[in-house]
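# Observations on the three-dimensional arrangement
What follows is the residue order along each chain.
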Amino acid sequence: MIPPIVIEVILFVVGLLCLVKGGDWFVDGACGIAHRFNMPEILIGATVVSIGTTIPEVMVSSTAALTAGASDMAYGNAIGSIICNTALIAAITMTFRPAEVEKQSLKMPIAFFFASAALYIGVAYATGFFSRPVGIILLAIFIAYMILCVKQALAVKNGPDKDDLSGGGDTIGITETPVDPAETRMTDDYVENVLKPEDKKSESKELALNIGRLILGAAVIAIGAHLLVDNGTLIAEAAGIPQSVIALTFVALGTSLPELVTAITALIKGHSDLSLGNVIGANLFNLVLVSGLAVTLAPFHIPVEKTIAGVNASLVVDIPVMVAVMLIMCLPALIKGRIYRAQGVTLLAIYAAYVVFQFA
């Protein structure tokens, strides 16, 4: 008979392999879709890719919220994942591939994150209890963000408004000159011989293939994370580690592995903007989607399993660290339009110290 620990190790490895291959498919599909619609990679990273890589957190936190006595897991997973995403995953991107970023595309997800964080932190410090109305508000913020992202994507795809090129409004000195259709290349002969139906079919086929990669990659990532977290948590619990600490560290790292795999895969493929956009979007979704759904399903108090000078350690350490690492990551990108190696090194040092504190 095979010992349970051996089965757990095998399933753990299978989960890791699923994460690696799923991340590869997911990045390929996301980049293909971004290029097809002329969307900035950082924008699709902050929306489609972020939703896909946040699936494990949604699954873990929702399940924990509905499980008696497991609310600590739902709370710790969201906060821990944000810290892990920023101070480990984004830090790796910054350390090994510092580069310029499209700061214009970063403004909206960053603004939404800190606005959501202000609400989240206000509730945490004022009442220490996350009620169902708070969860509904967080989910509403998620919906509003996605609507605005779709509008922004469509604006990027369609380009400048034609009305702006007509000489009307405040636009000065730009007019349209009528052109004889016969003098343009877009004649019936051009459409017939150049824009062939085969080309359109090929584009449609490529788009369908990329969407398929995106969906399959997300599914394989979710399965891999589920296998890895379930089996890894069993080992951690056997060691007698508190549930909130497991959620803030081990489970947070496990459910953040899709972001890590996506970040590494994106770096290898030369898509650093996609990686950074994914981390920022995933952090926002951890607050508004993961926490919002968990709180809506089952309201809960902030867990108190560790204190510092009689004060809940989460209020003294976890939340301040979450805000600090996000500021370190976002401010240079917004102000200078680039990320630096020094940011990555600083964030990695903070993450190492944070993990040591959790197990101290």
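Each chain carries its own residue numbering, running from 1 in the written order of its sequence. In keeping with the predicted nature of the model, local features appear solely for residues at pLDDT of at least 70, side-chain atom pairs appear and are counted solely at 80 or more, and the whole-chain, interface and lining totals rest on all residues. Working from all heavy atoms in the structure, the side-chain values ignore hydrogens and water.

## Details of the overall build of the chain
In plain terms, the rule: Helix numbering and strand numbering both begin at the N terminus, where a helix is a DSSP run of H or I of at least 4 residues and a strand a DSSP run of E of at least 2. Here's how the labels work: a residue is buried when its accessible area is under 20% of the maximum for its type, exposed when over 50%, partly exposed in between, all with a 1.4 Å probe on protein chains only. Contact between two residues is taken to exist if any of their heavy atoms lie within 4.5 Å; hydrogens are not considered. Reported accessibility uses the Shrake-Rupley method at a 1.4 Å probe radius. Residues are deemed covered only where the shown protein chains occlude them.
Counting secondary structure elements, the chain contains 11 helices and four strands. Looking at the chain residue by residue over its 360 residues, the buried ones come to 49%. Counting contacts in the chain only where the partners sit at least 6 residues apart, residues at least 24 apart contribute 84% of the total. Carbon and sulfur atoms provide 68% of the accessible area of the chain, an area that totals close to 16800 Å².

## Observations regarding the packing of aromatic side chains
To describe a pair of aromatic rings, one takes the distance between the centres and the angle between the planes. Inclusion rule: Any pair of Phe, Tyr and Trp rings, taking the six-membered ring for Trp, is counted once the centres come within 6.5 Å. Such a pair is stacked with planes under 30 degrees apart, edge-to-face with planes over 60 apart, and tilted for the rest.
Overall, the coordinates contain five aromatic pairs when judged by the stated rule. Both rings, one in Phe112 and one in Tyr145, keep their centres 5.2 Å apart while their planes meet at 65 degrees; by these two values the pair is edge-to-face. A residue pair is termed long-range when its members are at least 10 positions apart, and Phe112 in helix α4 (residues 103–126) and Tyr145 in helix α5 (residues 132–158) qualify at 33 residues. Relative accessible area serves as the criterion here: at 0%, Tyr145 is assigned to the buried category.

## Some thoughts on helix α11 (residues 341–359)
Rules: An expected span of 1.5 Å times one less than the residue number is assigned to each helix. This arc is taken over the directions from the axis of the helix to the C-beta atoms.
Relative to the 27 Å expected for 19 residues at 1.5 Å per residue, α11 spans 28 Å between its end C-alpha atoms, a close match to the ideal helical length. Listing the buried residues of α11 in full gives Gln343, Gly344, Leu347, Tyr351, Tyr354 and Gln358. What you see down the axis of α11 is that its buried residues fit within an arc of 95 degrees, all on one side. Of the residues in α11, the exposed ones pointing more than 90 degrees away from the buried face are Ala342 and Val356.

## Points about the nonpolar core
Put simply, the test is: In plain words, nonpolar cores are sets of buried Ala, Val, Leu, Ile, Met, Phe, Trp, Tyr and Cys residues tied together by side-chain atoms within 4.5 Å.
Core analysis: the largest hydrophobic core is formed by 63 residues, its most contacted members being Tyr75, Phe130, Tyr145, Leu276, Phe285, Val288 and Met329. Every element with two or more residues in this core is listed here: α3 (71–96), α4, α5, α8 (243–268), α9 (272–297), α10 (313–336) and α11. Setting aside chain neighbours within four positions, we find Phe130 in contact with Tyr75, Tyr120, Val123, Ala124, Val295, Pro299, Phe300 and Ile302. Core analysis: the next-biggest nonpolar cluster, separate from the first, contains nine residues, Phe26, Ile33, Leu207 and Ile221 among them.

## Examining α4
The terminal C-alpha atoms of α4 lie 33 Å apart, and with 24 residues this matches the ideal 34 Å at 1.5 Å per residue to within 8%. Immediately beyond the C-terminal end of α4, within one or two residues, lies Gly128, with a positive phi of roughly 70 degrees.

## As for the packing of α10 against α11
The following threshold applies: Fitted lines through C-alpha atoms give the axes, limited to the stretch in contact for helices. The angle between two N-to-C directions lies from 0 to 180 degrees. Any angle between 65 and 115 degrees counts as roughly perpendicular, while under 35 counts as roughly parallel, over 145 as roughly antiparallel, and the rest as oblique. The classification used treats Ala, Val, Leu, Ile, Met, Phe, Trp, Tyr, Cys and Pro as nonpolar, Asp, Glu, Lys and Arg as charged, and all other residues, Gly among them, as polar.
In contact at an axis separation of 10 Å, α10 and α11 are set at 170 degrees when each is read in the N-to-C sense. With respect to α11, the axis of α10 lies roughly antiparallel. From α10, Ala313, Val317, Asp318, Val321, Val325, Ile328, Met329 and Pro332 reach across to α11, where they touch Gln343, Thr346, Leu347, Ile350, Tyr354, Phe357 and Gln358. Considering only residue class, the contact of α10 with α11 consists of 11 nonpolar, three polar and one charged.

## Some words on the environment of Ile328
Of note, Ile328 is situated in helix α10. Between the alpha carbons of Ile328 and Ala87 there is a distance of 9.2 Å; along the sequence they are 241 residues apart. Contact partners of Ile328, with chain neighbours within four places excluded, come to Gln343, Thr346, Leu347 and Ile350.

## Observations concerning a nonpolar patch on the surface
This is how it is decided: Patch membership requires over 30% relative accessible area and the absence of a salt bridge. Like charges are linked within 9 Å, and nonpolar side chains (Val, Leu, Ile, Met, Phe, Trp, Tyr) within 5 Å. Each reported salt bridge corresponds to a side-chain nitrogen of Lys or Arg within 4 Å of a carboxyl oxygen of Asp or Glu.
Among the surface-exposed residues, Ile2, Ile5, Val6, Ile7, Val9, Ile10, Leu11, Val13, Val14 and Leu17 lie close enough to one another that they form a single nonpolar patch of about 800 Å² accessible area. Relative to the helices and strands, Ile10 is located in helix α1 (residues 4–36). Here Ile10 falls in the partly exposed class, since its relative accessible area comes to 48%.

## Structural notes on the side chain of Asn286
With respect to the helices and strands, the residue Asn286 is situated in helix α9. Dropping the residues within four chain positions of it, Asn286 is found in contact with Thr54, Glu57, Ala78, Ser81, Ile82, Asn85 and Ser291.

## Some words on the packing of α4 against α10
Describing two packed helices takes the angle between their axes plus the distance from one axis to the other. Selection criterion: Helix crossings get a hand from a simple test, with the near helix turned counterclockwise from the far one by less than a right angle marking a left-handed crossing and a clockwise turn marking a right-handed one.
Viewed as axis vectors pointing N to C, α4 and α10 meet at an angle of 165 degrees, and their least axial separation amounts to 11 Å. Here α10 runs roughly antiparallel to α4, going by the angle between their axes. You can see that α4 and α10 cross each other, and the crossing is left-handed. Contact residues: Lys103, Leu106, Lys107, Ile110, Phe113, Phe114, Ile121, Ala124 and Tyr125 in α4; Leu315, Ile319, Pro320, Met322, Val323, Met326, Leu327, Cys330, Ala333, Leu334 and Ile335 in α10. In the contact of α4 with α10, the residues fall into 18 nonpolar, no polar and two charged.

## Some words on the environment of Ala140
Along the chain, Ala140 turns up in helix α5. A relative accessible area of 42% means that Ala140 is categorised as partly exposed. Taking the C-alpha atoms as reference points, Ala140 and Gly292, 152 residues apart in sequence, are found 8.8 Å from one another.

## Describing the environment of Phe12
Examined against the element boundaries, Phe12 turns out to sit in helix α1. C-alpha of Phe12 to C-alpha of Asn231: the two residues are 219 residues apart in sequence and 6.0 Å apart in space.

## Re the confidence of the model for the chain
Rules: By definition, pLDDT measures how confident the predictor is in each residue, and it falls between 0 and 100.
Per-residue pLDDT for the chain has a mean of 76; in total, 69% of the residues score no lower than 70. Counting contacts from residues 161–177, a segment whose pLDDT is below 50, to residues more than four positions away or on other chains yields eight contacts. Per-residue pLDDT stays below 50 along residues 181–188; that stretch engages in six contacts with residues further than four places along the chain or on separate chains.

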